[in-house]
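Descriptive structure summary
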Amino acid sequence: MTATAAATLSVQPLENAQFGAEIRGLNPANITAENKQTIWDTYRDRHGLICFSFDRLLDADELHALTSVFGENEYAPGIINGLGKATPKGEEHLTVDEQVTKLRAGGRDPYLAYIGNLDPKTLEKQNTPGKFFGEWEWHTDMSYVEVPPTFSLLHARVIPEDGGDTGFCSQVMAAKALSPAMRARAQSLKVKHDSTYGSSGIPRPGMTAPASPVEAIGYPHPILRKIPSTGDEAIFLGRRTNGYVMGLPLDESEALLDELWAHSTQPQFCYQHKWQVGQVVVWDNRMMLHMRAPFDETKARFMWRTQTKGEAVVPATA
Ligand SMILES: O=C(O)CCC(=O)C(=O)O
Ligand SMILES: [Fe+2]
């Protein structure tokens, strides 16, 4: 090997997990074709969850380059009209390109989401609603749109000593464990994924609470989906709040969702990630739920998030 050749990556299964792997040794400024092959092999072998450990923080270009290994970058939620954000009155005429130009003129990267209680530029503590620090609900990202992002990447920049772990729960394992009767039921129905609230329970920009889940604004997806690239089936519930099983009376929908959620989030399908600064965890939203554990309001936690454009949800067949 010459001095300029890329180092071989080290790949280890995540500790205490039935899925997921840690990759060390990637140079985020020079991701080679060989690296990409290793990453994709790891993704398949370890069912859609990879933790990249770095001994320094990545810059935005490096995170975008790593994101592009997994797909085309998608806009961050909550900053483009109709993408986790209600369209403000008078902005109906703005195209996405015009909104992007405006964001960039204000120094905002439209592909990067900031998640934390620090100001993204100064890293000073910023005024943050108390709800943000509580337990976040299990969810998949932006599933309230017709074509939700496939991959999300979360980059730990500031983390508290304790609290704020991120849980992942394999919906491929959950689908395999469905009884034949439950599988048939799930396979025949769609659930509407509500867009009103973020995962901490805080309403999204411009959103107000719907009168009932039946009226919630969101997108209906099949409860059991097929992942064309791997052949797996996965349960796809989005988030519990304001979920609604299309066509059922509300009480039946609530009962079925309670049963499915209890099944889907059993501890044997889950893994809890304890963060190290610099890590980037990438997950396949088609295969995996995630949630964040609470942390103390006096502590600091700050992450960057990117996501890739998805594909239309493919229903599992009978
Ligand atoms: O901050 C976290 O650990 C999880 C945040 C989250 O849900 C996300 O980035 O999609
Ligand atoms: Fe999320």
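Attention in this report is confined to the structure presented alongside it. (Residues numbered from 1 in each chain as written. Chains lettered and ligands numbered in written order. Predicted model: local features only at pLDDT ≥ 70, side-chain atom pairs only at ≥ 80, totals over all residues.)

1. So, the overall build of the protein chain
The helix and strand inventory of the protein chain stands at 6 helices and 16 strands. The C-alpha atoms of the protein chain give a radius of gyration of 20 Å, which matches the 20 Å a tight globule of 318 residues would have. Principal-axis analysis of the C-alpha atoms gives the protein chain an extent of 65 × 50 × 40 Å. Going through the 318 residues of the protein chain one by one, you find that 38% of them count as buried. Of the contacts made within the protein chain by residues no fewer than 6 positions apart, 80% connect residues no fewer than 24 positions apart. (Helix = DSSP H or I, 4+ residues; strand = E, 2+ residues; numbered from the N terminus. Rg over C-alpha atoms; globule rule 2.2 N^0.38 Å. Buried ≥ 20, exposed ≤ 12 C-beta atoms within 10 Å, placed from the backbone. Contact = placed C-beta atoms within 7 Å.)

2. Points about the site of ligand 1
Around ligand 1, the neighbouring residues are Ile 115, Asp 141, Ser 152, Leu 154, Thr 166, Ser 199, His 290, Arg 292, Met 303 and Arg 305. Those elements giving two or more residues to the shell around ligand 1 turn out to be strand E5 (151-158), strand E14 (288-292) and strand E15 (302-307). Of the residues assigned to the shell around ligand 1, the class counts are 3 nonpolar, 4 polar and 3 charged. (Near = placed C-beta within 6 Å. Nonpolar A, V, L, I, M, F, W, Y, C, P; charged D, E, K, R; others polar.)

3. Topic: the sheet that holds strand E12 (residues 270-273)
In spatial order, the strands read E12-E6-E14; together these 3 strands make up an open sheet with antiparallel pairing. The outermost strands of the open sheet, each flanked by one partner alone, are E12 and E14. Across the sheet, the mean angle from the axis of one strand to that of its neighbour is 20°, orientation sign disregarded. Examined bridge by bridge, strand E6 (residues 166-170) and E14 share 5 bridges and lie antiparallel to one another. Looking across to E14, one finds that Phe 168 is bridged to His 290. (Pairing = 2+ DSSP bridges. Axes fitted to C-alpha atoms, helices over the stretch in contact; angles between N-to-C directions.)

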